[in-house]
Amino acid sequence: MSLDWIYYAISWILLTWHSAWNATGIPDTTVLGTTWAWILAIIFLVVTVRVILFPIFVKQIKSQRAMQALQPQVKALQEKHKGDRETLQKEMMELYRKEKANPLMGCLPMFLQIPVFLGLFHVLKRLNPDPAKSNKDIYGWTVEQFNSASDARLFTAPIASKFGSTAEELAQLGANSTTVKIMAGVLVLVMMGTTYLTSRQMILKTGWAEDPQQRMIQRLMLYGIPLSLLVSGAIFPIGVIIYWVTNNLFTLGQQQWVLRKFPPPVTATSKPGTSGRNGTQPAKTGGLFGRSKPAVAPPKPAAPKVAGPKPGAKPANPKKGRPAKRQG
């Protein structure tokens, strides 16, 4: 199956934003070693894709909430049909259909972004300022746009270079090996950190899954994927890493908004003081890094006011134990 339609779509969005920034007065010349028109084009490619996928992201959150609310019923079915996997799967699918919960919705936004990432990777990998390079005008590019993007830089490091670029590739791009490795290394670390934070943010808000397999998937997403980027990040062009980091930052903000708009449900299995290892973890409100705010003690109720006696009135309850006055 040809992926040319993806390359054309990504190129069109990228080139449209580049032209838009040129029209606002941002030239293709470098300022502080950075070609801002192309860097902003990559950043707003992320914005465009995320705005398109936003309705699907909201559906993902709603589906996850429905799945969480169904956990007690799922657990009951697992106990009822223990050892009968076929019947259990049939009953669970019927439950999901009845309650309009789709387990696959949780992965759909991520899967839809994979073609965008692969398309950008392919487009940026082709960039090369060599005048003898052929096919510069495919995917809707002009030769002038291709040469301009090939010379685009982030703090003097070409966006087409990568940490693992060979000496020959760096020579073609006119790049300094030390500068590229420092710039790419810093961006890879930021990419790893923001990828970790996006997974941590979701787990802090929704809690650890009760099912051991789902919990293992959560751990894989929290620790495994960021660590894998330490290796795979060496083959990503700097422009692709800029896309990934921007996408992560957008995700952090979007998740924060959606999680406030659609807070996790309180299930019947949630008990005060339960942890993620023994049950459903209650949602934390301590922010991105899990820092909780100190609890504020409720104000003590004020003592009831007692009205004083009116002037000239005898006390209603004279104090006991006072000796009576002797009449003389």
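Everything discussed here concerns the structure shown above.
What you see is a predicted model; the values in this text were computed from it and never measured. (Residues numbered from 1 in each chain as written. Predicted model: local features only at pLDDT ≥ 70, side-chain atom pairs only at ≥ 80, totals over all residues. Heavy atoms only, no water.)

S.K.: Describe in detail the overall build of the chain, supporting the description with residues and values.
M.R.: Along the chain, the regular secondary structure elements total 10 helices and 2 strands. When the helices and strands of the chain are read in sequence order from the N terminus, they spell out α-α-α-α-α-α-β-β-α-α-α-α. Counting across all 328 residues of the chain, residues that qualify as buried make up 40%. Counting contacts in the chain only where the partners sit at least 6 residues apart, residues at least 24 apart contribute 70% of the total. Accessible area of the chain: about 20400 Å², with a carbon and sulfur share of 63%. (Helix = DSSP H or I, 4+ residues; strand = E, 2+ residues; numbered from the N terminus. Buried < 20%, exposed > 50% of the residue type's maximum accessible area, 1.4 Å probe, protein only. Contact = heavy atoms within 4.5 Å. Areas by Shrake-Rupley, 256 points an atom, 1.4 Å probe, with all protein chains shown as cover.)

S.K.: For helix α5 (residues 108–125), give the residues involved together with the corresponding values.
M.R.: Here α5 is 18 residues long and its end C-alpha atoms lie 26 Å apart, about the 26 Å a rise of 1.5 Å per residue gives. Buried residues of α5: P109, Q113, V116, F117, G119, L120, F121, H122, V123 and L124, and no others. In this structure, the buried residues of α5 make contact with α1 (4–23), α2 (36–69) and α10 (238–261). (Expected span 1.5 Å × (residues − 1).)

S.K.: Quick rundown of the packing of aromatic side chains? Include the residues and the values.
M.R.: Under the criterion given, the structure shown has 13 aromatic pairs. When the centroid spacing of 5.2 Å and the interplanar angle of 85° are considered together, the rings of F117 and W244 count as edge-to-face. With a gap of 127 residues between them, F117 in helix α5 and W244 in helix α10 connect regions that are remote in the sequence. For the pair formed by F117 and W244, the shared burial category is buried. Over the ring of F163 we find K181; its NZ or CZ atom is 5.5 Å from the centre of that ring. (Phe/Tyr/Trp six-rings, centres within 6.5 Å; stacked < 30°, edge-to-face > 60°. Lys NZ or Arg CZ within 6 Å of the ring centre and 35° of its normal.)

S.K.: Summarise the side chain of S11; cite the residues concerned and give the values.
M.R.: When you line up the elements, S11 lands in helix α1. Not counting residues within four places of it along the chain, the set of residues in contact with S11 comprises V123, Y139 and W141.

S.K.: Before we move on, can you summarise the nonpolar core with the specific residues and values?
M.R.: W141, F236 and Y243 are the most contacted members of the largest nonpolar core, which has 49 residues in total. When residues of this core are traced back to their parent elements, those giving at least two are α1, α2, α5, α6 (143–150), α7 (167–173), α8 (177–206) and α10. The element contributing the most residues to this core is α2, with 8 residues. Core analysis: the second largest hydrophobic core is formed by 9 residues, V74, L95, Y96 and A101 among them. (Core = buried A, V, L, I, M, F, W, Y, C linked by side-chain atoms within 4.5 Å.)

S.K.: Can you explain unusual backbone geometry? Please cite residues and give values.
M.R.: Although it is not a glycine, N135 adopts a positive phi angle of roughly 60°. Structurally, N135 is set in the loop between α5 and α6. When its relative accessible area of 48% is taken as the criterion, N135 is described as partly exposed. One non-glycine residue, F155, adopts positive backbone phi at about 50°. Within the secondary structure, F155 sits in the loop between β1 (153–154) and β2 (157–158). By relative accessible area, F155 is classed as partly exposed at 41%.

S.K.: Any chance you could break down the pattern of salt bridges for me, citing the residues and the numbers?
M.R.: Oppositely charged side chains can pair when the atoms bearing their charge come close. Tallying each qualifying case throughout the model produces 2 salt bridges. One salt bridge in this structure joins K82 and E79, with 3.5 Å as the shortest N-O distance. Given a relative accessible area of 63%, K82 falls into the exposed group. Using a relative accessible area of 52% as the deciding quantity, one classes E79 as exposed. A salt bridge links K162 to E169; the nearest nitrogen and oxygen atoms lie 3.6 Å apart. Take K162: its relative accessible area is 18%, and that puts it in the buried class. (Salt bridge = Lys/Arg side-chain N within 4 Å of Asp/Glu carboxyl O.)

S.K.: Residue-level account of the environment of W5, with values.
M.R.: With respect to the helices and strands, W5 occurs in helix α1. With a relative accessible area of 54%, W5 lands in the exposed category. Taking the C-alpha atoms as reference points, W5 and G119, 114 residues apart in sequence, are found 9.2 Å from one another.

S.K.: Lay out a nonpolar patch on the surface with the relevant residues and their values.
M.R.: A cluster of nonpolar residues, V31, L32, W36 and F155, forms a patch on the protein surface that exposes about 400 Å² of accessible area. You can call W36 partly exposed: its relative accessible area is 32%. (Patch = residues over 30% accessible without salt bridge, like charges linked within 9 Å, V, L, I, M, F, W, Y side chains within 5 Å.)

S.K.: Tell me about the side chain of H18, and name the residues and values.
M.R.: Along the chain, H18 falls in helix α1. Classification of H18 as buried rests on a relative accessible area of 4%. Within the structure, the side chain of H18 is placed 2.7 Å from the side chain of D28, a separation counted as a polar contact. Beyond its immediate stretch of four places on either side in the chain, H18 contacts D28, A37, W38, A41 and S148. (Polar contact = N/O pair within 3.5 Å; in protein donor to acceptor, adjacent residues only side chain to side chain.)

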